[in-house]
Amino acid sequence: MRYLTDRKLAEGLGSAQSGVKHHWSMILTSVALVILIPLFIFTFGPILGAPHAEVVAYFGRPFPAIVAALTLIVGFRHFAAGCQVMIEDYVQGLARKVTILLVYCLSYAAMAVGVFAIARLAL
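Presented here is an overview of the structure given in this document. Everything quoted here is computed from the prediction, not taken from an experiment.

1. Here we look at helix 5 (residues 94–122)
Taking 1.5 Å per residue, 29 residues should reach 42 Å; helix 5 reaches 42 Å between its end C-alpha atoms and fits that length. Residues of helix 5 that are buried make contact with helix 4 (62–90).

2. A closer look at the layout of surface pockets
Over the atoms rolls a probe the size of a water molecule, and its path tells where empty space is left. Here the largest pocket is characterised by a volume of approximately 290 Å³. In this structure, the largest pocket is lined by 15 residues; those nearest its centre are H22, S25, A81, Q84 and Y104. Listed by contribution, the elements that provide at least two residues to the lining of the largest pocket are helix 2 (19–44), helix 4 and helix 5. The biggest single contributor to the lining of the largest pocket is helix 4, with seven residues. Its residues assigned to classes, the lining of the largest pocket shows six nonpolar, six polar and three charged. Computed from the structure, the second largest pocket encloses a volume of approximately 230 Å³. Around the second largest pocket, the lining is made up of 14 residues, and of these F40, F44, F59, A68 and I118 lie nearest the centre. Within the residue set of the lining of the second largest pocket, elements represented by two or more residues are helix 2, helix 3 (52–59), helix 4 and helix 5. Here the element with the most residues in the lining of the second largest pocket is helix 5; it accounts for four residues. In terms of residue class, the lining of the second largest pocket is made up of 11 nonpolar, three polar and no charged.

3. Some details on the side chain of T29
In this fold, T29 is placed in helix 2. In this structure, T29 is in contact with V74 and H78, ignoring residues within four places of it in sequence.

4. Brief notes about the side chain of S107
Assignment of secondary structure puts S107 in helix 5. Using a relative accessible area of 1% as the deciding quantity, one classes S107 as buried. Setting aside residues no more than four positions away along its own chain, S107 makes contact with F76, R77, F79 and A80.

Rules used throughout
Residues numbered from 1 in each chain as written. Predicted model: local features only at pLDDT ≥ 70, side-chain atom pairs only at ≥ 80, totals over all residues. Heavy atoms only, no water. Helix = DSSP H or I, 4+ residues; strand = E, 2+ residues; numbered from the N terminus. Expected span 1.5 Å × (residues − 1). Contact = heavy atoms within 4.5 Å. 1 Å grid on protein atoms, 1.4 Å probe; cavity = no way out; pocket = protein on both sides within 12 Å on 5 of 7 lines; lining within 4 Å. Points joined across faces, edges and corners; volume = space filled by probe spheres on them. Nonpolar A, V, L, I, M, F, W, Y, C, P; charged D, E, K, R; others polar. Buried < 20%, exposed > 50% of the residue type's maximum accessible area, 1.4 Å probe, protein only.

If you want it as structure tokens, here you go:
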């Protein structure tokens, strides 16, 4: 017969030790998006509806290309982390793990395609 204290029974059953990291990640990406979204709108807005050659020349300059790439990267990381929170709240069991994995794969794939497209325009 084993004599275990309440503390010994509860050890290892608490926090997953990632909540603070996740929270700060969401805070940092939110602040970055507060800065990047207006920059993206003001850099992308003037070129909206322009001919292809003009868009290629515009994104050939470093500032618009960097702003667009950073907005895509930070935006999709924020999207994936936010979806993870929603999935953890509403999906149970194996479906939770599979759905989180699919959301992260979708997010990183969209991020890679967007950055690749911007790189093709810029180079």
